[in-house]
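The lines below spell out each chain.
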Amino acid sequence: LLDEKTLTSYIQLKAPEVLTAHVDGSDTFARSTIFLEVRKPVTGWNIHGVQQYVDTSGTAFTRNYFEPPGVQIIDNSGVPVEAGRAVASNRFLGFVGRLAGFMTGRGYKVEQLIIPAGTTRQVELKLKDTSYLIKCSIDRPAGEQAEDIDKTVIFLKQKGINPSYIDVRVSGKVFYQ
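If you're wondering where the values come from, they're calculated on a predicted model, not measured in any experiment. (Residues numbered from 1 in each chain as written. Predicted model: local features only at pLDDT ≥ 70, side-chain atom pairs only at ≥ 80, totals over all residues. Heavy atoms only, no water.)

Participant: Describe the pattern of salt bridges, naming the residues involved and giving the relevant values.
Facilitator: Side chains that carry opposite charge are capable of pairing whenever their charged atoms lie near each other. Applying the stated criterion to the full structure yields 8 salt bridges. Salt-bridge contacts for R106 lead to D150; the nearest nitrogen and oxygen are separated by 3.0 Å. Of the two residues, R106 is situated in the loop between α2 (90-105) and β7 (110-115) and D150 in helix α3 (residues 142-159); the sequence distance between them amounts to 44 residues. One salt-bridge network, held together by shared partners, links R91, R121 and D139. (Salt bridge = Lys/Arg side-chain N within 4 Å of Asp/Glu carboxyl O. Helix = DSSP H or I, 4+ residues; strand = E, 2+ residues; numbered from the N terminus.)

Below you can see the structure in the form of structure tokens.
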């Protein structure tokens, strides 16, 4: 007779890492077993110096029961965040996942994504073995930006140029300084 949805909501108030709670009836009198399903992080999120994780629904939580995610997001946007609340849209998290996947497919390792101050629609990408950041926008397809990044990184290496940043936010153009 227990409402599992209400039980899940109650547990999430104290432990936002819990995704669902399922009550399994038992053969014995007045005894039940509760199974908890915990959230699996897709990225780590450093918010105001506190390590949090984000699942596919965009919900933040602090206790991770899985391997640490490969991509770390550093939030410099200044937007206030609370554990158990959505910190990013599915579109944003989907973009982050696709961009990281495309870069991995091209032989790069994404170390971190930084949300710059004053925006939540742009990210700065940091690749392993590069000293510069790469500016990207969630308003432009991740695959196109990954292709532009790949071509630019190869070009810069061939020319021996070490820029302070690369900007691929505009379609058909790449800027670097």
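Participant: So what about unusual backbone geometry? Which residues, and what values?
Facilitator: A positive phi angle is found at D129, which is not glycine, with a value near 70°. Considering the arrangement of structural elements, one finds D129 in the loop between β8 (122-127) and β9 (133-137). Accessibility expressed as a relative area gives 70% for D129, which makes it exposed. (Buried < 20%, exposed > 50% of the residue type's maximum accessible area, 1.4 Å probe, protein only.)

Participant: Describe α3, with residues and values.
Facilitator: In this model, α3 (18 residues) spans 26 Å end to end at C-alpha, consistent with the 26 Å of a helix rising 1.5 Å per residue. One or two positions beyond α3, positive phi appears at G160, with a value near 70°. (Expected span 1.5 Å × (residues − 1).)

Participant: Describe the environment of R91, with residues and values.
Facilitator: Structurally, the position occupied by R91 is in helix α2. According to the relative accessible area criterion, R91 is partly exposed, its value standing at 42%. Separated by 47 residues in the primary sequence, R91 and I138 have C-alpha atoms spaced 8.1 Å apart. In contact with R91, other than residues within four places in its own chain, are R98, R121, I138 and D139. (Contact = heavy atoms within 4.5 Å.)

Participant: I'd love a proper account of the side chain of R140, names of residues and values included.
Facilitator: Take R140: it is sitting in the loop between β9 and α3. Of the residues examined, R140 reaches a relative accessible area of 7% and is grouped as buried. Excluding residues within four positions of it along the chain, R140 makes contact with F95, Q145, D148, V168, R169, V170, S171 and G172.

Participant: Quick one: what's the story with a nonpolar patch on the surface, residue by residue and with numbers?
Facilitator: A cluster of nonpolar side chains, F155, I161 and Y176, forms an exposed patch at the surface whose accessible area comes to about 250 Å². With respect to the element layout, I161 can be found in the loop between α3 and β10 (165-167). (Patch = residues over 30% accessible without salt bridge, like charges linked within 9 Å, V, L, I, M, F, W, Y side chains within 5 Å. Areas by Shrake-Rupley, 256 points an atom, 1.4 Å probe, with all protein chains shown as cover.)

Participant: Describe the nonpolar core, listing the residues and the values that go with them.
Facilitator: One finds F92, L99, M103, L113, L125, I134 and I149 to be the most contacted residues of the largest nonpolar core, which totals 30 residues. At the level of elements, β3 (43-47), α2, β7, β8, β9 and α3 are the ones that each hand at least two residues to this core. Among the elements that take part in this core, α2 stands out by supplying 7 residues, more than any other. Counting 6 residues, the second-largest nonpolar core is a separate cluster that includes I11, A15, A21 and V23. (Core = buried A, V, L, I, M, F, W, Y, C linked by side-chain atoms within 4.5 Å.)

Participant: Would you mind going over the sheet that holds strand β5 (residues 60-61) in detail, with residue names and values included?
Facilitator: Neighbouring strands of a sheet are bound in pairs by backbone hydrogen bonds; such pairs are parallel or else antiparallel. Across the sheet, which stays open at both edges, the 9 strands sit in the order β5-β4-β3-β6-β7-β8-β9-β10-β11 with mixed pairing between neighbours. Of all strands in the sheet, those bounded by a partner on one side alone are β5 and β11 (175-176). Its contacts with the sheet put α3 on β8, β9, β10 and β11, and the angle it makes with β9 is roughly 155°. (Pairing = 2+ DSSP bridges. Axes fitted to C-alpha atoms, helices over the stretch in contact; angles between N-to-C directions.)

Participant: Got a sec to walk through the side chain of T43? Specific residues and values, please.
Facilitator: Residue placement: T43 occurs in strand β3. Among the polar contacts listed, one links the side chain of T43 to the backbone oxygen of V71, at a separation of 2.8 Å. Excluding anything up to four places from it in sequence, T43 contacts Y53, V54, P69, V71, Q72, I73 and L93. (Polar contact = N/O pair within 3.5 Å; in protein donor to acceptor, adjacent residues only side chain to side chain.)

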